[in-house]
Amino acid sequence: WLREARRRLRDEHGATVYLTTMQDCTAEHVARERADRSARELDDWFNLSPVGMVLFDDSGLLVRTNRAFDALVGAVPVLLSEAPKALQQLLAFSEGRPLAQLQPGASTLESQAGLPQRDGSMRPLRAVVRCYETPGGQRRYMAVVEDRSMEEERDLAQVQIGAMMDTAGVGLATFHEPTG
């Protein structure tokens, strides 16, 4: 890959001469191609992830979401300021801006919230949010959101089994086959 610059000049006799300067830009082209390929690979990871992922900016504009996030949240707003309070709480966004604790280089911020569903039930979600600064100096916030419904059902089942064991009028035992 070459880059060239052409100039038309006049020599000392007034005749037109042409000067072409050529520069090898193969390494730059290869590096750009690698960067583009890496960006596409990251896009694929983002889209294939079974965990909800969202990227937003200082103003609360949702720059990017993946399908898992869309499925967890339901109606995805354009701006977090237009989102339900529970979603704002989950993504550490309040009063039109990200929480002050979210700073580039700081540790992640973990939060939990219940998002109302169309059927009236609440979906328990957990998010881990991190702030970083782009090369252009803008702040971006990435959050990974996961559904805690299964964990809550398991915890409830354990509580119910414990309550049943404590209140049963007969002796109950469990048998764990591998250990006898």
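Quick summary incoming for the structure in this document. (Residues numbered from 1 in each chain as written. Predicted model: local features only at pLDDT ≥ 70, side-chain atom pairs only at ≥ 80, totals over all residues. Heavy atoms only, no water.)

## Things to note about the sheet that holds strand β4 (residues 62-65)
Within a beta sheet, neighbouring strands are joined by backbone hydrogen bonds and run either parallel or antiparallel to one another. Read from one edge to the other, the open sheet built from five strands follows the order β4-β3-β9-β8-β7, with strand pairing classed as antiparallel. Across the chains shown, the open sheet's two edge strands, defined by having one partner strand only, are β4 and β7 (109-116). Direction aside, neighbouring strands of the sheet carry axes that sit 25° apart on average. (Pairing = 2+ DSSP bridges. Helix = DSSP H or I, 4+ residues; strand = E, 2+ residues; numbered from the N terminus. Axes fitted to C-alpha atoms, helices over the stretch in contact; angles between N-to-C directions.)

## Some words on the pattern of salt bridges
Enumeration over the complete set of coordinates arrives at six salt bridges. Among the salt bridges present, the one from arginine 32 reaches glutamate 28, with a minimum N-O distance of 2.8 Å. Of this pair, arginine 32 and glutamate 28 both sit in helix α1 (residues 26-48), four residues apart, which is roughly one turn of that helix. Residues joined by salt bridges that share partners form a network here, namely Arg3, Glu28 and Arg32. (Salt bridge = Lys/Arg side-chain N within 4 Å of Asp/Glu carboxyl O.)

## Section: the side chain of arginine 148
You can see arginine 148 is positioned in the loop between β9 (139-147) and α4 (149-167). There is a polar contact of 3.1 Å between the side chain of arginine 148 and the side chain of glutamine 112. If sequence neighbours within four positions are ignored, arginine 148 has contacts with Gln112, Pro124, Leu125 and Arg126. (Polar contact = N/O pair within 3.5 Å; in protein donor to acceptor, adjacent residues only side chain to side chain. Contact = heavy atoms within 4.5 Å.)

## A word on the nonpolar core
Residues Phe56, Leu87, Leu91 and Val145 are the most contacted members of the largest nonpolar core, which totals 24 residues. Put simply, the parts of the chain that give this core at least two residues each are β3 (52-57), α2 (67-73), α3 (85-90), β7, β8 (122-133) and β9. Residue contributions to this core peak at four residues, all from β8. Not counting chain neighbours up to four residues away, the residues in contact with leucine 87 comprise Phe69, Val73, Pro77 and Leu115. (Core = buried A, V, L, I, M, F, W, Y, C linked by side-chain atoms within 4.5 Å. Buried < 20%, exposed > 50% of the residue type's maximum accessible area, 1.4 Å probe, protein only.)

## Section: the environment of proline 50
Following the sequence through the fold, proline 50 ends up in the loop between α1 and β3. C-alpha separation for the pair proline 50 and asparagine 66, spaced 16 residues apart in sequence, amounts to 9.1 Å.

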